[in-house]
Protein chains: 2
Amino acid sequence: MANIHEVAKQAGVSSATVSRVLNEAPTVTEKTRQKVEQAIKQLNYEPSMLGRNLRNSESRLLLVLIPNFSNPYYTEIINGIEDYSVEHGYNILLCETDSNPKRENTFFNMVKNKLADGIISMDPTVNMSKLQDLALDHAIVMCSEYDEYERIPYVAIDNEAAAYKVMKHLIRLGHDQIALINSDEKFLYARQRRKGYERALEEFGLPLRNELIYNTQNLDFQEGAQAIRKFSQLERNPTAAFAVSDTLAIGALKEVNVRGLKVPEDFALVGFDNISFSNMTNPTLTTVAQPMYQMGTTAASMLIKQLQGQEVDSIMMDHELIIRESTLN
Amino acid sequence: MANIHEVAKQAGVSSATVSRVLNEAPTVTEKTRQKVEQAIKQLNYEPSMLGRNLRNSESRLLLVLIPNFSNPYYTEIINGIEDYSVEHGYNILLCETDSNPKRENTFFNMVKNKLADGIISMDPTVNMSKLQDLALDHAIVMCSEYDEYERIPYVAIDNEAAAYKVMKHLIRLGHDQIALINSDEKFLYARQRRKGYERALEEFGLPLRNELIYNTQNLDFQEGAQAIRKFSQLERNPTAAFAVSDTLAIGALKEVNVRGLKVPEDFALVGFDNISFSNMTNPTLTTVAQPMYQMGTTAASMLIKQLQGQEVDSIMMDHELIIRESTLN
DNA sequence: GTGAAAGCGCTAACAT
DNA sequence: ATGTTAGCGCTTTCAC
């Protein structure tokens, strides 16, 4: 592969001029530009990003941290990030951390190493203090999950309000024994959704029964099914459940079906995230939708603004309760 | 952020020595090494990959091309690629082409530009001739979908044999009106699976009815549902369908349910890919499993071997028919 | 309007 | 065992 000097030689100009043509500098004569462009074609030349990046000390690469590729929740957000970034001359590198600190470190180092310009973290398991250190002299944005102390700008939804809205919906349908299938409460969103759950109970004068709250290890289908099995051992069974993830709700739905109960007649179910499968289950699943694509574009725009030296503020996005068959009355 | 020279100065050595320490060269005295390591700590130094990569003219970054993030089919393969790559000192960049030639070009250029070392393409819509051009002087491997003319090494399964196996299973259950929900036959895998479908019909003496073959635009749920609607208008309805993707099968299942037919009693259904959700549907879905994770590690190992200058051969992996509720008799 | 030359941060060949 | 030096490919200041 030819380099800039060979092109310069071929065109009978200096490498500086070739560089000017590449960067569309306005000072180049039309004639020179044509000579250079011809040489570029002839030699099939492609400028090396590596050289350019080293010189400019930027890589135009953005890192997107997610715990794993398997959760469909992230796909639309990623689409938003990708579209916005590409449109603004950045590429994104999707980084699966597997909640593995070592792996996470690799990605942090890429930023320190100048191999990437900034990070959008959607990983709830991220090492917050390390991320904050990094944020001291690098562009960082959080998406969905965020820093409670607000030292890193984020885009997210009001999880407590969303959970409250779900509960209100179920309570209005007449349910008074509503289970919560929550993820590990080390995650901020889990704590927030639980808060919304509890606030609704309180406001509607329903008792809080701790045995109706099940905390899962992860968001796999199996965990949702496991929650239902656990609840079935109670003396007084719940008649509805709010799962903080569609994947959990789908696993729960499966188990409820297996047990011969009818949804929504015998048991009502609500998920969270509005993943595409949630509309394919039988019955279809009531869930909370976040404006995922828009969250993605917003996060990307915040990051790129940071890279341009601007200050950015955190943003709360709207959410929406989507009522489907699993909670019809 | 400090550079290698400042570290050298701080440690009272030359930058070459610092480089030696960084690269664990065996010729450095223990004493010198300690001095250097201390200086590195003091200055909080991180070597710049950019400088290193430029010098070594490699980026240790691998591109993985997929048409879109939304298809869960790819996740396990990607996990395999990622694990193997990271273990061998490479990072992967997940590239969504959206079947968009412009986007695709961006990624090809990254390889030409030395921003990435090689490509694993899982995109059936990839521009094969451009990819072949690139393969002339760059490391390329295909996964799942491949080059019919075998100019680019691939890892894949025997699609025709898999389709044949599915059909044999359905025929043995007594079905003689079996529909095929196929994707666009511009894709090699679609042509191969159709071939298996037709071969089975022929070998078991069943007539080929063209109206029982529905070609979809994409693999969305809706297309699967649409296929069922189309079949329902026929005078003689099929009693079973083989969908070349679980997503299509799940959409079809939904529509069959909506129409009040029972699966598998009234209608049998088989998918392809064994995505995790295929075991969560009601009834669970019979499908064909590919050794996805292993396909990923294999593809990555082939690519890295290429980068090391070795010749590699294409590999056919095994597949397995997983019989679940949707085809019980 | 264009060229010469320095330098981004690193590594490797060569010299000591 | 360590230092000196050149150069990977590019951009940009400074001359002209």
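Calculation criteria
Every chain is numbered on its own, with residues counted from 1 as its sequence reads. Both sets of labels track the order of writing: A upward for chains, 1 upward for ligands. This being a predicted model, a pLDDT of at least 70 is required before a residue's local features are given, and a value of 80 or more before pairs of side-chain atoms are given or counted; all residues contribute to the totals for chains, interfaces and linings. Each side-chain value is worked out from all heavy atoms of the structure, with water and hydrogens disregarded. The way it works is that DSSP assigns letters per residue, a run of H or I at least four long becomes a helix, a run of E at least two long becomes a strand, and they are numbered from the N terminus. As defined in this context, the radius of gyration uses C-alpha atoms, and a globule is described by 2.2 Å times the residue total to the power 0.38. The classification of residues rests on relative accessible area computed with a 1.4 Å probe and restricted to protein chains. Under 20% of the type maximum is buried, over 50% is exposed, and intermediate values are partly exposed. Every residue pair with non-hydrogen atoms within 4.5 Å of one another is taken to be in contact. Counted as salt bridges are all cases of a side-chain nitrogen of Lys or Arg within 4 Å of a carboxyl oxygen of Asp or Glu. Here a residue counts as near a molecule or strand whenever at least one of its heavy atoms sits within 4 Å of it. Throughout this description, a polar contact denotes any pair of N or O atoms lying within 3.5 Å of each other; where both atoms belong to protein, one of them has to be capable of donating a hydrogen while the other can accept it, and for residues adjacent in sequence the pair is counted only when both atoms sit in side chains. Each residue is assigned to one class: nonpolar for Ala, Val, Leu, Ile, Met, Phe, Trp, Tyr, Cys and Pro, charged for Asp, Glu, Lys and Arg, and polar for all the others, Gly among them. Only buried residues count toward a nonpolar core, which is a set of Ala, Val, Leu, Ile, Met, Phe, Trp, Tyr and Cys residues joined through side-chain atoms within 4.5 Å. The source of the domain bounds is an automatic or database domain assignment. Copy-to-copy superposition: least squares on the C-alpha atoms, limited to residues that have pLDDT of at least 70 in both copies. As used here, buried area is the combined drop in accessible area, with a 1.4 Å probe, of two parts when they are placed together. Pairs of strands are assigned from DSSP output, requiring at least two bridges between the strands. As a rule, the C-alpha atoms of each element are fitted with a line to give its axis, helices using only the stretch in contact, and angles between N-to-C directions run from 0 to 180 degrees. UniProt positions are given in the numbering used here, feature names are shortened, and annotations may be inferred rather than shown by experiment. Any angle that falls under 35 degrees is termed roughly parallel, while one over 145 is termed roughly antiparallel, one within 65 to 115 roughly perpendicular, and all others oblique. Call a crossover right-handed when, viewed with both strands pointing away from you, the route from the first strand across the helix to the second goes clockwise. Stacked, tilted and edge-to-face pairs are distinguished by plane angle, under 30 degrees for stacked and over 60 for edge-to-face with tilted covering the rest, among Phe, Tyr and Trp rings (Trp via its six-membered ring) whose centres lie within 6.5 Å.

### A word on the overall build of chain A
For chain A, the count of helices and strands is twelve helices and twelve strands. Its C-alpha atoms give chain A a radius of gyration of 26 Å, more than 25% over the compact-globule value 20 Å for 329 residues. Dimensions of chain A, computed from the C-alpha atoms along their principal axes, are close to 90 × 40 × 30 Å. A burial count over chain A gives 56% of its 329 residues as buried. The contacts in chain A between residues at least 6 apart in sequence include a share of 70% that link residues at least 24 apart.

### Notes on the pattern of salt bridges
Residue and element names in this part refer to chain A. For the coordinates displayed, the defined rule picks out 24 salt bridges over all chains. Between Arg-191 and Glu-148 there is a salt bridge; the shortest N-O distance is 2.9 Å. On the criterion of sequence distance, the pair formed by Arg-191 in helix α9 (residues 188–203) and Glu-148 in the loop between β4 (139–143) and β5 (154–157) is long-range, its members being 43 residues apart. What makes Glu-148 partly exposed here is its relative accessible area of 42%. With a shortest N-O distance of 2.7 Å, Glu-198 and Arg-194 are connected by a salt bridge. Placement of both Glu-198 and Arg-194 in helix α9 is noted, with a separation of four residues, approximately one turn of the helix. Residues joined in a network through salt bridges with shared partners are Glu-160, Arg-199 and Glu-203.

### A closer look at the protein's contact with DNA strand D
Near DNA strand D you find 27 residues, and of these Ile-4, Tyr-45 and Arg-55 of chain A together with Arg-20 and Thr-32 of chain B are the closest. Looking at DNA strand D alone, sugar and phosphate atoms form 61% of those within 4 Å of the protein. Here Arg-55 of chain B contributes a side-chain N or O atom positioned 3.0 Å from a base nitrogen of DNA strand D. Among the elements of the structure, α1 (4–11), α2 (15–22) and α4 (49–56) of chain A together with α2 (15–22) and α4 (49–56) of chain B are those that each provide at least two residues to the surface near DNA strand D. Split into classes, the residues belonging to the surface near DNA strand D amount to eight nonpolar, 14 polar and five charged.

### Considering the nonpolar core
The biggest cluster of nonpolar side chains holds 152 residues, and the ones touching the most others in it are Met-122 of chain A together with Met-122 and Phe-242 of chain B. Non-local contacts of Met-122 of chain A, meaning those with residues more than four positions away in its chain, are made with Val-64, Leu-65, Ile-66, Pro-67, Tyr-74, Ile-77, Ile-78, Ile-81 and Cys-143 of chain A. Residues Leu-50 of chain A together with Phe-108, Ala-116 and Met-142 of chain B belong to the second largest nonpolar core, which totals 46 residues.

### Details of the domain arrangement of chain A
Looking at chain A, the domain boundaries give domain 1 (4–47), domain 2 (61–157 + 292–318) and domain 3 (159–290). Each of domain 1 of chain A and domain 2 of chain A has a C-alpha centre, and these two points are 37 Å apart.

### A closer look at the relation of the copies chain B and chain A
The transformation that overlays chain B on chain A combines an axial shift of 0.0 Å with a rotation of 180°, and the residual RMSD is 0.1 Å. These values place the two chain copies in the arrangement generated by a two-fold rotation axis. With an isologous cut-off of 70% or more, the 96% of interface residues of chain B that recur at the interface of chain A puts this contact in the isologous class.

### Considering the interface of chain B and chain A
Counting residues at the interface gives 47 residues for chain B and 45 residues for chain A. Both faces combined, the contact of chain B with chain A buries some 4300 Å², and carbon together with sulfur accounts for 64% of it. Across the contact surface, chain B and chain A share two salt bridges. Across the pair Lys-112 of chain A and Glu-46 of chain B runs a salt bridge whose closest N-O atoms are separated by 3.6 Å. Run the count over chain B and chain A and you get four residue pairs in polar contact (both at pLDDT 80 or more). Elements represented by at least two residues in the side of chain B that touches chain A include exactly α4, α5 (73–87), β2 (91–96), α6 (101–112) and α11 (246–258) of chain B.

### A look at the sheet that holds strand β4 (residues 139–143) of chain B
Remark on secondary structure: sheet strands pair via backbone hydrogen bonds, oriented parallel or antiparallel. All names here are of chain B. Across the sheet, six strands lie side by side as β2-β1-β3-β4-β5-β11; this open sheet has parallel pairing. In this open sheet, the two edge strands, each paired with only one partner strand, are β2 and β11 (315–317). Neighbouring strand axes in the sheet, compared pairwise and without regard to direction, differ in orientation by 20° on average. Where strand β1 (residues 61–66) lies against β2, six bridges are found, and the strand directions are parallel. In the sheet register, Ile-66 faces β2, and the bridge partner there is Glu-96. Sheet contacts for helix α7 (residues 128–137): β3 (118–121) and β4; angle to β4, the most-contacted strand, approximately 140°.

### Focus on the UniProt feature "domain: HTH lacI-type" (unreviewed entry) in chain A
Per the UniProt record, "domain: HTH lacI-type" (unreviewed entry) is found at residues 2–56 of chain A. With 69% helix and 0% strand, residues 2–56 of chain A has its two end C-alpha atoms placed 21 Å apart.

### Comments concerning the packing of helix α6 (residues 101–112) of chain A against helix α7 (residues 128–137) of chain A
All names here are of chain A. Put simply, α6 and α7 touch, their axes get as near as 11 Å, and they point 5° apart. Overall, the two elements α6 and α7 adopt an arrangement that is roughly parallel. Residues Asn-105, Phe-108, Val-111 and Lys-112 of α6 form the contact with α7, whose own contacting residues are Lys-130, Leu-131 and Leu-134. Residue classes in the contact of α6 with α7 are distributed as four nonpolar, one polar and two charged.

### Quick word on the pairing of β4 of chain B
All names here are of chain B. Summarising burial for β4: five of the five residues are buried, a large majority. Residues Ala-139, Val-141 and Cys-143 of β4 are buried on one face, and the alternating residues Ile-140 and Met-142, pointing to the opposite face, are buried as well. Where β3 and β4 come together, four bridges link them in parallel fashion. Considered in β4, the bridge of Ile-120 is made with Val-141. Note on the crossover from β3 through α7 to β4: the handedness is right-handed. Strand direction decides the pairing type here: β4 and strand β5 (residues 154–157), joined by two bridges, are parallel. Paired with Cys-143 across the two strands is Val-155, which belongs to β5.

### Section: the protein's contact with DNA strand C
The local shell around DNA strand C holds 26 residues, among which Arg-20 and Thr-32 of chain A together with Ile-4, Tyr-45 and Arg-55 of chain B are the closest. Backbone sugar and phosphate groups make up 64% of those atoms of DNA strand C lying within 4 Å of the protein. Note that a phosphate oxygen of DNA strand C is positioned 2.7 Å from one of the side-chain N or O atoms of Arg-52 of chain B. The side chain of Arg-55 of chain B places a nitrogen or oxygen atom 2.3 Å from a base oxygen of DNA strand C. Elements represented by at least two residues in the surface near DNA strand C include exactly α2 and α4 of chain A together with α1 (4–11), α2 and α4 of chain B. In terms of residue count, α4 of chain B provides more of the surface near DNA strand C than any other element does, four residues in total.

### Description of the packing of aromatic side chains
Summed over the entire model, instances satisfying the criterion amount to 13 aromatic pairs over all chains. Taking the centre distance of 6.5 Å and the plane angle of 80° together, the rings of Tyr-214 of chain A and Phe-231 of chain A count as edge-to-face. Of this pair, Tyr-214 of chain A sits in strand β7 (residues 213–215) while Phe-231 of chain A sits in helix α10 (residues 221–232), placing them 17 residues apart in sequence. Note on Phe-277 of chain A and Phe-277 of chain B: the rings are 3.7 Å apart at their centroids and 15° apart in plane angle, and the pair reads as stacked.

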